[in-house]
Structure formats: structure tokens, C-alpha cells
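Tertiary structure, described
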Amino acid sequence: MNAYAELHCLSNFSFGRGASSARELFERAKACGYEALAITDECSLAGIVRALEASRATGMKLITGAEFQLDDGPKLVLLCETKAGYTALCKLITRGRRASAKGTYRLHRADLADGVPGTLALWLPGREPDPAHGRWLRDTFAERAWLAVELHHGPDDAQRLHDLQQLGHGLGLPLVAAGDVHMHVRRRLALQNTLTAIRHRVPLAEAGALIFRNGERHLRRREALAAIYPAALMHESTAIAARCMFRLDELTYRYPAELVPEGHSATSWLRHLTEEGMRWRWPSGVPEKVRAQIEHELGLIEELRYESYFLTVQDIVRFARDKGILCQGRGSAANSAVCFALGVTEVDPARMNLLVERFISKERNEPPDIDVDFEHERREEVIQYIYAKYGRERAALAATVICYRGRSAVRDVAKALGLPPDQVDQLSGIFGWRGEQSLDERLREHGFDPQGAVLRRVLKLTAELRDMPRHLSQHVGGFVISDAPLAELVPVENAAMADRTIIQWDKDDLDTMRLLKVDCLALGMLSCVRRCLDLLRAHRGQDYSLATLPAEDPRTYEMIQRADTVGVFQIESRAQMAMLPRHRPENFYDLVIQVAIVRPGPIQGDMVHPYLRRRRGEEPVDYPSEDLKAVFERTLGVPLFQEQVMKLAIVAAGYTAGEADQLRRAMAAWKRHGGMEHHRERIIRGMLERGYTAEFAARLFEQIKGFGSYGFPESHAASFAGIVYASCWLKCHEPAAFACALLNAQPMGFYGPSQIVQDAQRHGIAVRPVDVRHSDWDCTLEDDGRDQPALRLGLRQVRGFREDVAGRISAARAARAFIDVTDLCARTGIDRRQQELLAEAGALRGLAGHRHRAKWAVAGVEPQLPLFGHGSPSEVAVVLPVPSTAENLQSDYARTGLSLGPHPLQLIRSRLRAARFADSRSLRGQRHQSLVRAAGLVTQRQRPQTASGVTFITIEDEHGAINVVVWSQVAERQRRAYLEARLLGVEGQWECVDGVAHLIARRLTDMSTWLGGLDSRSRDFH
């Protein structure tokens, strides 16, 4: 049988064209006995690393290439013969992508004038071949050019073959067989056709000539190919494959080198900076244990030659600190004492049990991954610094592969199959629902017949499309920085956002190819803390930093223990609040545990309740051995952190540090890919050899598997705990400044401005309304003659109001106070729409009186000619009725989302009482497990992954919040009220244990009509 190599094959990274993954393609090619497989996605190498992984898994040779359609020339495939060819291909793809908008490319023959050295070219002639294209290809690529013959059982295959043979002979171009492969097997044709319709945005029924006539563009068996191609053409494919000697794993990456000053090596400069940092961190002397840890790390870094990586991150952090931008490294980097000395992280190794192999190890032999959080409002300064320092040629963001999920897949498929828009929307909603109903039940409930032919087709295609790549987006902050131009290593293209470029590989690809990535991430709480510290400096005369806030403050921990944590970092969710009175954190390490314990790993591994029982003395703390006591003593014998699992494997099962890191990775991936059985046998065998019982070993392994859902690293939790403590201290001791900063850092966190303001008021803070006579864009502090200043709401709270207009108001007011509305409008030049917003928000009350008068005043403002100055002709005073409390309330919520007047439920409390709905204050006195009825404005809906379909809904009334637990069966039965109610009535069982109270819902009622036109909004499922 003739040998064959496929030289023209698209994977599903040719978005909207390829209908199979690289793994499917390579497995099929191996089954068909191919010599090699080229992945030639259109002007892209986005899927080539997946192809490399599939090549390694199957043992089949990968040829790297790409397909192009030149604007003024032929369609062709370029294959990498050498490493130089790969570099040239990357540069060509970059040129084409950078010359066009995101998702497209533009190339001309002039862009290939150098012949793209190191590549082989296949001409893909159209139905009517243009000989001029062939001559250009021959002249440009010389002996590196071929004419590809692609036959797909068309009506004229024999004639087509004859014509191309004649054409090739006349042009002096050798012929080669190729497949124009778009799928691994014929049965993917329906999906490929659907993708084509989606790409062209036409219904499949109207796609016509856009779709393929048959399913022959799959990886065909060699005997089928031999029946249509001459043996010489098939042989030529293997000859070309043999010439393509480039292997993707030949690529080498060089770290940026310019950060090392003259007279130093990277090693000596890193040591110098580390020793400087040690003197800064430990002015009284470095603890011996820490010094040994740093020496161990520096030796490991030198051995693995990662010095430039650390220097790069240190330089970025130094820039941020010099600019006053709060930042903090976290994640695995927090396991590094060197990172602490360099100022990259804030986790003191003297206070923590670090395991550097969680971060960097010889066995793993890949770059460490450092995540640095910056203030979300100032991260752009850091990003632009990186671009400016290294240039756009050497720095770019990593890509994120956006894949089809249920909702997006069914929406695109349903559109392609011609379903009407209302049915498309309904299907999308059905796939977005995560209840316990079966899909068939949900479909029938919405009027669909699951057995209908069209719907069956929609569901089948949706299942095939799900999880396929849809497009490339930019990573949230993962920067790739290189010593050489990145386009020599990986193609670079434009992102959707201006002034952004991304490489065509994502995070997983970077790990496979061992490329440096620095995550410059945005964290809203850092912006909030920085704003708060600035306010304390300006208004309270207190000059604090994150490092100088008083440590281990008893009042702060008392506040945490009673779950008074609205707005703080991490421990503000309802799940965390429910845990706080039970856990009762007393010190920093308790906060580290608190951050980590309300996570899927510990919860699903059944570690939370044993820990709490042991902490409260309800069950004894025991350790199977002294060795394991050292590992688990700080968490009372219960494994809560990834590092503990790794140490367990080392101490109790004989793993090396690098093997323990492999276990950590296997834990993270086992639910998706399996692969834990090897570790099960190894751990149990190792523990039995060291004297542990089989029962204990088996139970411990089941707990380890729980970390597969989300085991939290101790180092990460410690980094977060530092910010948790800072935010809690500020809320406890400076509640006005903290609330002000929190409002100015919105949107972030679980709570909206209304809940933040109500919480501030409950803590005795005077909150003053938006007023053009006093308000700036941001919320501000005003002297109140009391211990805490008053909080003045800023113009940012007015929905639709513009920051530049607020700036003009502040500037004009600084010159002299406003006399009236006409004076305000004349001196600021604000347009009619912005005037109306101020009137509706009540921000003109000091100049015009109540809202009705303010609207009348605004309506009378007319543009003035310079000749007449800024005055207005005198008008007869008009008496306007004062708006009612309800009218004011509705206007407050409509324009600012909150009200400083009575709570909406206060106005309907008599009706609620008549309907036997209790308020939140009276609920607190109810006995455990009593049946109650309550109602409140919905402020949050949360459905954590760990909650097994349970939703936590927060409702509020004039006295505070009520936590409602909605089981999935209740949500299924009463879905409309569950999802849509703004005012929710709840009947159920009141549960109060350990100071934590919940209302377990049995019946939900949508009472939104009681609110009239009140514009109340909730934060749902974010």
C-alpha cells in the first residue's frame, strides 16, 4: 500500500472552518497509517502546541505550517522545513495579522518577496487555475514549490487531475497529493457545514455554494487515496514530509537581559538585590532558617538559570512601588523567600512553612509562574510601562482561547438551522440553567418537543460544538516578554482593545513550550485600600501603609468573629460570613485558614467540619505519627492546603519534592483527565511501608482527591489574608474612610453602593447626599464634629453622569460658589441631558429646592449670548408641589441606585405586616427551626460550585439583611420568582446555629408589583 503524509489539514483553531481537534486528527491519521500530519491552520499557529501534544501522544510526526489566501495572489500552504523557516513563518503571520483588524489578516505577494526562506510552498489552485499564480510561486520559491492536487470525488476528478498534470508540467512545478482536510472523519460534515453557516452568518438552508458538496475532506484511508491519486503523487507527499525536519520542541526562549548592570552577571545581580531586600525586610538580622531558605532558592534559581525571570518581575514591581501603585505577588510565588526579599510578595517566610517546590523545582524544569496583583484602576500604567520598556516587538499579552459553552453553542447552532429569534433566546436560557431538571423536561416546559427532528439535530450539533475553540481573546494580564522579537517565536496579532497585542498561544501552551509569563493582574481591593490610606493621610493625619497597619488588633478580630464584614476582602460572601462565627479567627494564621477553608477542595474533601470540631474541642486532635504532626499541627491534623498534601507525600509516602509537585498537578487535573490511579497505588504503598494503616492511607487519599476541585495553596491564602486583615482593620477603625474608598472603587465585590451606604449608616456614619455645591466626582469625607467624618456622596453615584462634567463643576465651584441653577449651567457649559440627570438625582436641591422645582429650573435654562452675560430674564415664581416620600424614593433608586431616605420596605411595612411577613429584626428573636415568613429587596443571588445546586439569596429590609437558602428543587418549581423577583417573599424554616441564621425557603413569591416603579437591582451569580 502506498505511503502517504497529509500536508494540508485544518484543525478547529481555524475558527469556523476546522471541525476536529488536533488530538482527533492525529489519532485518526495514526489509525490510517500516515507517515506524518501537517497542521496548516489559516494564517495561524494558535493550535500548533495542541498539535505538538497530540503528536507526542500518538508518536506521529508533526509538520508545522499554515494556509494563506493572498489578496493579490494565490492560495497556498507554507510548511516549515527548518527552524529558520519557522521563524520566517511566524514573522509572516504576524505581518498579516498586525496589518488587519482582530480576527482577520491581509497579505500580498510583496510580503513573500523574499521567498520565506526555510519553508516549502504548496500552490492550492482554484477551480479555474491561474497560470500566473503558478509562475509567481515557481519564481519566488524555486525548487521549494509544488502544485497540490486535491481531489474529493467531484464529477470531474479525472479531468481535474489531467488538467493539473498538464499545468504543472508546463510551469515546471512538481505535483503532490493533498487532502484539504477539515475534519478527522466523514461524520463531522454536518458540524463543518454548520460552522460554515455560522462563519458566514447565513442560515444553513441558504449557504448553498458556501458548503462542501460531500464529506471527502476528512482523513481518508490510504487505500481510498490510492484509488484516486497516482502513486507518484502520494510518494511525493512523504518526500516533502521527510524534508520538513523542523520540530517545534527545538525552540529556545531567552529571558530579557538588559536588567543586569555592567559588571554583574544575572546571578550576581539577583544576589545583590536579594541581600539588599534582606536588610530591608529584617533590619534586626535575618533568621537563620530564612537565610538557609534563601540560599537554597538562589542555588536552585542559578542551577535552572531563572535569574532573569526574577529580575524582570522585580523590575515591574519596583516601577509600581515607585509610582505609589499598591501591588502584591501571590499564588505559588508566595512560597519563595527570595520573592519576599525582592518585595514581590508579602508572605514572610519567618511566619509561614514555605515549600519552594510548589513554586520551582528541578524535576518540573519549567519556568515558575509569578502572579502580581495591582490596583485595578492603575494596572494600565504598569502594562504601558512593560510595552515601553521592551517594545511591542518583545512584549505581548498571552491569548485566552474562548471556547463554546452550552449557551453560545446552542445559540449559534439554532441560528444556523434557521430557528426564529424567540426560540433561539429560549434555548439559550435553557442551556444556561443549572438546576436538577433533565434537559428534556426543561425543553418540554418551554414548549419544545425533544423528539422533534429539528430539535434533535440542534442538540446533536450543540453537543459536538461544545468546548470547541471559538476565537482568541486576550489574557487578563499574562505578559510574555522575550530577549528577541516575539514574532520569531510565536505569531503576534492585534487584540480587540486598542494598544494591545497578543501572541497566538494561551497559558497552557506557554507551559508546554516553557515560555516566561508574568501575570499582571487587577485587584479592586488594592485600589480601595490605596484610596482609603490616601483619605486617612488627607483627612485624619494618619500616614499608614499596608506594612505599618497595627498588627493582630483585638478589635479587628472581634469584628471579624461577629461577621461584620460587608465590603472587606474575601470574607464578605455569605458563605464566608456563615463560617466566621463558627471559626472565630483570633490571629493572622486563622485568617489564612479562613480564606482557604470556604473552597471546593476542603468542602468536598470533607475537611471543614472535622477542623471546626477539633478547633472547638468537640473531638480530639490526633496524629498518626510525629512526622505527620509536623505537617498537620497548624491545621489540627486536617489537610487544608496543597502544600500539606505535597509534604504528606514526601514525609509519609517517600516522594521527592518534584514528584510531590507532579502529584499537585495531577490533583488539579484528575477530574478532567483522570491519572490519579498511579498516585493512589504509590501513596498507599509508601504509607504502608512506613507503618501507616491501610484504612488511614485510603481515607487520606480520598481527602487528597478533594483538592482536585480546588485545593487552595497556603501561600496564596497567606497573600490574600494580608489584604483581608488590612481591609478589616480599616473598616473597624476608620469606617467612614473605608466606605468612601469602597464606593470610589466600584464596581467590585459582592455589594452595591446601596448596601455599602446602609452598612456605613448602621455603623453610625453620617451620609450626605449628592449635591453640586459640595460633591466632587468621587465620594469625599467632610468634618462632622464627631469621631468619624461624614461621607459625602459623589457625582459618580448618578447613573449616566460623566466624569468630565463633574470635573468642570468642581473647577467652577472652586473659583466661586454657584448662585443658582442658571449660574451653574452657564459656568460649566453642561448639556441638557446632564442637567436633567442632576435634577432627577436631587443634586440641585441646594440651588433650586426639591426635585420638581429643580426640573422646572433646568427646563428654563437657555444658552446665553455673550452680549447679555450670564443672567436670565426674571420670571414669575411658579408654585410646584413637593414630591411625596414615595416619589423621592423612586427617583433616588432610578438615578443613584440608593436612597438616604426611608427604606422602600418601610413604606409598605403595614401591608407586609397585614400579610404576616416579619421584618429582619423580629426574625432574630425567633426560635431555631420555627416556620416564618419574610420579605425583602433582593440584593444578591449566589450559586457557588460547591453548593450542590443550592442558591444563597440575600434580601434586605429597613433593619438589615436576611440570608435565604434556596434548594434546587424549590428553585425549579418556582423559577420565575427565584430568578426575577425584585421584592421576594419567602416562607420557610428559620435556622439559627452558632450565631449564624438562615431562612430555608419552602415557597417563594414574586412581590415586585408592591414596589410600583422602584428601580431596584441585584447582583446575581457573579
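Residues numbered from 1 in each chain as written. Predicted model: local features only at pLDDT ≥ 70, side-chain atom pairs only at ≥ 80, totals over all residues. Heavy atoms only, no water.

Helix and strand counts for the chain stand at 43 helices and 22 strands. Relative to the globule expectation of 31 Å for 1022 residues, the C-alpha radius of gyration of the chain, 33 Å, shows essentially globular dimensions. Burial status across the chain gives 58% buried among its 1022 residues. Taken as a whole, the chain presents about 42,300 Å² of accessible surface, with 49% of it coming from carbon and sulfur. Across the chain, the mean location of the 134 positive side-chain charges is 4 Å away from that of the 129 negative side-chain charges. (Helix = DSSP H or I, 4+ residues; strand = E, 2+ residues; numbered from the N terminus. Rg over C-alpha atoms; globule rule 2.2 N^0.38 Å. Buried < 20%, exposed > 50% of the residue type's maximum accessible area, 1.4 Å probe, protein only. Areas by Shrake-Rupley, 256 points an atom, 1.4 Å probe, with all protein chains shown as cover. Lys, Arg positive; Asp, Glu negative; His and termini not counted. Charge placed at Lys NZ, Arg CZ, Asp CG, Glu CD.)

Next up on the list: the sheet that holds strand β8 (residues 370-375). One open sheet holds the seven strands; their spatial order is β7-β8-β13-β10-β9-β12-β11, and the pairing between them is mixed. In this open sheet, the two edge strands, each paired with only one partner strand, are β7 (327-330) and β11 (492-494). Taking the axes of each pair of neighbouring strands and ignoring which way they run, one obtains an average angle of 45 degrees across the sheet. Strand direction decides the pairing type here: strand β9 (residues 395-403) and strand β10 (residues 469-481), joined by eight bridges, are antiparallel. Bridged to Val401 within β10 is Leu472. (Pairing = 2+ DSSP bridges. Axes fitted to C-alpha atoms, helices over the stretch in contact; angles between N-to-C directions.)

Scanning the model with the defined rule gives 70 salt bridges in all. In this structure, Glu782 and Arg792 form a salt bridge, with 2.9 Å as the shortest nitrogen-oxygen distance. Here Glu782, found in strand β15 (residues 780-782), pairs with Arg792, found in strand β16 (residues 790-792); they are 10 residues apart in sequence, far enough to count as distant. Judged on exposure class, the residue Glu782 and its partner Arg792 are both buried. Put simply, Glu375, Arg530, Asp534, Arg537 and Asp543 are held in one network by salt bridges that share partners. (Salt bridge = Lys/Arg side-chain N within 4 Å of Asp/Glu carboxyl O.)

Our next topic: the packing of aromatic side chains. By the definition in use, this model includes 13 aromatic pairs. Summarising the aromatic geometry, the rings of Tyr309 and Phe310 are spaced 6.0 Å apart at their centres and angled 80 degrees between planes, so their arrangement reads as edge-to-face. Here Tyr309 and Phe310 have matching classes, each one buried. Here the aromatic rings of Tyr544 and Trp729 are separated by 5.2 Å at their centres, their planes lie at 70 degrees, and the arrangement is edge-to-face. Placement of the pair is Tyr544 in the loop between α19 (524-540) and α20 (554-561) and Trp729 in helix α30 (residues 714-733), with a sequence separation of 185 residues. Judged by its relative accessible area of 21%, Tyr544 falls in the partly exposed class. (Phe/Tyr/Trp six-rings, centres within 6.5 Å; stacked < 30°, edge-to-face > 60°.)

Relative to the assigned elements, Leu439 resides in helix α16 (residues 439-445). Residue classification places Leu439 among the partly exposed residues on the basis of a relative accessible area of 28%. For the pair Leu439 and Leu1014, spaced 575 residues apart in the sequence, the C-alpha separation amounts to 35 Å.

When pLDDT is averaged along the chain, the result is 87, and 92% of the positions lie at 70 or above. Considering only residues more than four positions removed or in separate chains, one finds that residues 865-871, a stretch of pLDDT under 50, has four contacts. (pLDDT = per-residue confidence, 0-100. Contact = heavy atoms within 4.5 Å.)

What follows is about unusual backbone geometry. For residues besides glycine, phi is generally negative; the peptide bonds are generally trans as well. The linkage connecting Gln746 with the following residue, Pro747, adopts the cis geometry, with an omega of 5 degrees. Along the chain, the position of Pro747 falls in the loop between α31 (735-744) and α32 (753-762). One non-glycine residue with positive phi stands out, namely His153, at about 55 degrees. Within the secondary structure, His153 is located in the loop between β5 (145-149) and α5 (157-171).

All right, on to the nonpolar core then. Grouped together as the largest cluster of nonpolar side chains are 130 residues, with contacts concentrated most on Phe68, Leu78, Phe141, Ile386 and Trp505. Looking at this core element by element, the count peaks at eight residues for helix α11 (residues 307-322). If you look at the next biggest cluster of nonpolar residues, it comprises 99 residues, including Ala563, Phe738, Phe750 and Trp777. (Core = buried A, V, L, I, M, F, W, Y, C linked by side-chain atoms within 4.5 Å.)

It is worth spelling out helix α2 (residues 48-58) at this point. Listed as buried for α2 are Ile48, Val49, Ala51, Leu52, Ala54, Ser55 and Thr58. The inward-facing, buried residues of α2 abut α1 (22-31), β1 (36-39), β2 (61-69), β12 (501-506) and α18 (507-513).

Read from one edge of the open sheet, three strands run β14-β16-β15, paired in mixed fashion. Edge positions in the sheet fall to β14 (767-768) and β15, since each has one partner strand and no second. Bridge analysis of β14 against β16 gives two bridges, and the strand direction is parallel. By the bridge assignment for β16, Arg768 is matched with Arg792. Against the sheet, α31 contacts β15 and β16, and its axis sits at roughly 150 degrees relative to β15.

Looking now at the pairing of strand β18 (residues 951-957). Counted residue by residue, β18 has six buried out of seven residues, so it is predominantly covered. Bridge count for β18 against strand β19 (residues 960-966) is seven bridges, and the pairing is antiparallel. The residue bridging Glu956 from the neighbouring strand is Ala961, located in β19. What sits between the antiparallel neighbours β18 and β19 is a turn of two residues.

Along the chain, His296 falls in helix α10 (residues 288-304). Residue His296 is classed as partly exposed on the basis of its relative accessible area of 40%. The sequence separation of His296 and Ala337 amounts to 41 residues, and the corresponding C-alpha distance is 9.7 Å.

Attention now goes to the pairing of β2. For β2, the tally of buried residues reaches seven of nine residues, placing the bulk of the element in the interior. The pairing of β1 with β2 spans four bridges and is parallel. What sits directly across from Ile39, in β2, is Thr64. Counting the residues between successive antiparallel strands, the hairpin from β2 to strand β3 (residues 75-80) contains five residues.

Bringing the packing of helix α21 (residues 574-583) against helix α24 (residues 608-615) into the picture now. Relative orientation of the contacting elements α21 and α24 amounts to 30 degrees, with a least axis distance of 10 Å. By the angle between their axes, α21 is roughly parallel relative to α24. Residue-level inspection shows Met579, Arg582 and His583 of α21 in contact with α24, the latter providing Val608, Tyr611, Leu612 and Arg615. (Parallel < 35°, antiparallel > 145°, perpendicular 65-115°, else oblique.)

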